[in-house]
Amino acid sequence: MQNPKLIKRILAIETSCDETAAAVIKIKELRTENLDSKASVLSSQFSILSNIVASQINIHKKFGGVFPEHASRAHSEKIIPVVEEALTKVQSTKYKEKNKDNIDLVAVTTGPGLIGSLLIGVNFAKTYAYAKNLPIIGINHWLGHIYSCFTEKELRTENLELRRKNSQSSDLSPQISNLPSFPSLILIVSGGHTGLVLMKSHTNIQPLGETLDDAAGEAFDKVAKLLGLEYPGGPAISKVAQKGDPNIYKFPRSMLDRKDYNFSFSGLKTAVLYKVQELTKRYPLNAIRSQIAYEFQQAVIDILVGKTIQAAYEFKPKSICLCGGVSANKELRQQLKMAVEKLPSKTSYHVPSMELTTDNAAMIGIAAAYQDKSKYTTWDKINADANLKLD
Ligand code: KG4
Ligand code: ZN
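Just so it is clear, the structure is predicted and the values come from calculations on it, not from any experiment.

S.K.: Sorry if this is basic, but what is going on with the overall build of the protein chain here?
M.R.: On a plain count of helices and strands, the protein chain comes out with eleven helices and ten strands. With 391 residues in all, the protein chain has 55% of them scored as buried. Taking the contacts inside the protein chain whose residues are at least 6 apart along the sequence as the reference set, 75% of them involve residues at least 24 apart. When the accessible surface of the protein chain is summed, it comes to about 17600 Å², and 52% of that surface belongs to carbon and sulfur atoms.

S.K.: I would appreciate a short explanation of the side chain of Thr194 in the present structure.
M.R.: Inspection of the secondary structure puts Thr194 in strand β7 (residues 194–201). Judged by its relative accessible area of 0%, Thr194 is buried. A distance of 2.8 Å separates the side chain of Thr194 from the backbone nitrogen of Ala216, its partner in a polar contact. Residue contacts for Thr194: discarding those within four places in its chain leaves Ile188, Val189, Glu210, Thr211, Ala215, Ala216, Phe263, Phe265 and Leu304.

S.K.: Looking at this structure, how should I read unusual backbone geometry?
M.R.: Residues other than glycine predominantly adopt negative phi, and peptide bonds predominantly adopt the trans conformation. The omega torsion across Gly111 and Pro112 is -10°, close enough to zero to call that bond cis. Cis geometry marks the peptide bond from Phe182 to Pro183; its omega dihedral reads -5°. Take Pro183: it is sitting in the loop between α5 (156–165) and β6 (184–189). Backbone geometry at Asn133 places phi at a positive 55°, although glycine is not the residue there. A positive phi is found at Asn247, a non-glycine position, where the angle reads about 60°.

S.K.: Explain the coordination of the zinc ion (ligand 2) here, please?
M.R.: Coordination angles at a metal have ideal targets, namely 109.5 degrees for four tetrahedral donors and 90 or 180 degrees for six octahedral donors. Protein coordination at the zinc ion (ligand 2) comes from His141 (NE2), His145 (NE2) and Asp359 (OD), with a distance range of 2.0 to 2.1 Å. One chain supplies every donor to the zinc ion (ligand 2), and in sequence these donors are spaced H-x3-H-x213-D. Pair noted here: His141 and His145 are both in helix α4 (residues 141–147), with a separation of four residues, about one helical turn. Summarising the burial analysis for this pair, His141 and His145 share the class buried.

S.K.: Got a minute to help me understand the site of ligand 1 in this structure?
M.R.: By nearness alone, 20 residues border ligand 1, and Gly191, Gly192, Asp221, Gly234 and Asp359 come closest of all. Here an oxygen atom of ligand 1 and a backbone polar atom of Gly191 are 2.9 Å apart. Within the contact set of ligand 1, a nitrogen atom lies 3.1 Å away from a side-chain nitrogen or oxygen of Asn329. Burial of ligand 1 by the surrounding chains reaches 90%, relative to a free accessible area of 560 Å². Those elements that provide at least two residues to the shell around ligand 1 are α4, α6 (216–226) and α7 (233–241). Here the shell around ligand 1 gets four residues from one element, more than from any other, and that element is α7. Each residue belonging to the shell around ligand 1 can be placed in one class, and the counts come to six nonpolar, twelve polar and two charged.

S.K.: Is there a simple way to think about helix α9 (residues 285–315) in this case?
M.R.: Because each turn of an α-helix spans 3.6 residues, side chains separated by three or four positions in sequence point in the same direction. Taking 1.5 Å of rise per residue, the 31 residues of α9 would be expected to cover 45 Å, and the 44 Å separating its terminal C-alpha atoms lies within 8% of that figure. Following α9 by one or two positions, Lys316 adopts a phi angle in the positive range, close to 45°.

S.K.: What's the story with the nonpolar core in this structure? I'm lost.
M.R.: General note: in soluble globular proteins, nonpolar side chains tend to be found buried as a group. In this structure, Phe265, Ile292 and Phe296 are the most contacted members of the largest nonpolar core, which totals 49 residues. For this core, the secondary-structure elements that each account for two or more residues are β6, β7, α6, α7, α8 (266–279), α9, β9 (319–323) and α10 (330–341). If near-sequence neighbours (up to four positions away) are discounted, Phe265 is found in contact with Thr194, Thr211, Asp213, Asp214, Ala215, Ala216, Ala219, Val300, Ile303 and Leu304. Formed by 40 residues, the second largest nonpolar core is a distinct cluster that contains Ile139, Leu143, Ile205 and Tyr370.

S.K.: Mind showing me how you'd approach the packing of α9 against α10 here?
M.R.: Angle between the axes and distance between the axes are the two parameters that describe a pair of packed helices. Between α9 and α10, the shortest axis-to-axis distance is 10 Å and the interhelical angle comes to 35°. You can see that α9 and α10 cross each other, and the crossing is right-handed. Residues Gln297, Gln298, Ile301, Asp302, Leu304, Val305, Thr308 and Ile309 of α9 form the contact with α10, whose own contacting residues are Glu331, Leu332, Gln335, Leu336, Ala339 and Val340. For the contact of α9 with α10, the class distribution of residues is eight nonpolar, four polar and two charged.

S.K.: Help me understand α6 in this model?
M.R.: Of the residues making up α6, those classed as buried are Ala216, Gly217, Ala219, Phe220, Asp221, Val223 and Ala224. Lining the buried residues of α6 we find β6, β7, α7, α8 and α9.

Reading the values: rules and limits
Residues numbered from 1 in each chain as written. Chains lettered and ligands numbered in written order. Predicted model: local features only at pLDDT ≥ 70, side-chain atom pairs only at ≥ 80, totals over all residues. Heavy atoms only, no water. Helix = DSSP H or I, 4+ residues; strand = E, 2+ residues; numbered from the N terminus. Buried < 20%, exposed > 50% of the residue type's maximum accessible area, 1.4 Å probe, protein only. Contact = heavy atoms within 4.5 Å. Areas by Shrake-Rupley, 256 points an atom, 1.4 Å probe, with all protein chains shown as cover. Polar contact = N/O pair within 3.5 Å; in protein donor to acceptor, adjacent residues only side chain to side chain. Donors = N, O, S within 2.8 Å, 3.2 Å for Na, K, Ca; no water. Near = heavy atom within 4 Å. Nonpolar A, V, L, I, M, F, W, Y, C, P; charged D, E, K, R; others polar. Expected span 1.5 Å × (residues − 1). Core = buried A, V, L, I, M, F, W, Y, C linked by side-chain atoms within 4.5 Å. Axes fitted to C-alpha atoms, helices over the stretch in contact; angles between N-to-C directions. Left-handed = near helix turned anticlockwise from the far one by under 90°.

Following this line, the structure appears as structure tokens:
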């Protein structure tokens, strides 16, 4: 294994579900300081030299969801071309990297996810690290989503307004950067997971609550199917919801009356099912689709925003971050932003750029860039774990 002291370029690989993804991250500056017992990275400046995603949407569309065996087959077909493209792209005119094999560390998603999918990325990453004699680091998929908020350039537009509003405050002054400050409250919303996390430092990440049944993205996908819309359901629902009106139908906002930070979306999904069954006896699906989509989307947003704000009152975070595939939803991004602005104490708001919302490898590379060197290991110590927990 090479001496891991100077890590400049990270090859990151992500295959936990239905996207085969590879990225190269270049670390420009890494500032570390002893915050707690372990050395913590305080800020990191990097460029995403390449971020390649081969989506399997067309394969899974006909099943209305991810079909695991087809997913792993597609990953094994795509992994080499996708990594090759990510490595080659670094030589583009924009970055002008001379050598496409100039990699110092391999980062790979080891879980959670579909085991057949994870294994393709993990085995490829292990082989690459072995063949090139490189250190390797396993990254939890949710940690990747969290770190999609720890990029500077993409956050500027959405934070600009907040910064202007609080222009007297030094915390958000432009020279200090617009990275989240600790403690940060993170809302992770994707197809496989929905939960709230309190991040006190890069080494202190505490889950506050999670979904007891379906993830929010999963609910979007299932309701889309009920409404005759294609997989993935999130973008399809948000598109038709634009034509819907408020106050036509009313669906439940579950768990908002509870003090804990768990979520539940299965009751909402069942309420939509019953409503669609009742209404389609009288009307064609076309006539009710946008109203149902509107109210379903708003119910999900009310639950997510309500729980996040409830946690913000208790934990008084300096920053609130939204991440995961569902964070691509513009209404959710906007409504959470408005709720954060109304909090009594100054709180910055961070969302990833659109390309970092759904599964990608850049977020895995960014998470790796922030990890302590003690987590670097060798190819023979890395394994996929479908049920990996955030620790
Ligand atoms: O993070 P992600 O790519 O994969 C997992 O880690 O699960 O999230 C995928 C989920 C899907 O359920 C998809 O329907 C949802 O993100 N999604 C959206 C939107 N775009 C993607 N949900 C709501 N609105 C969107 N615009
Ligand atoms: Zn994901």
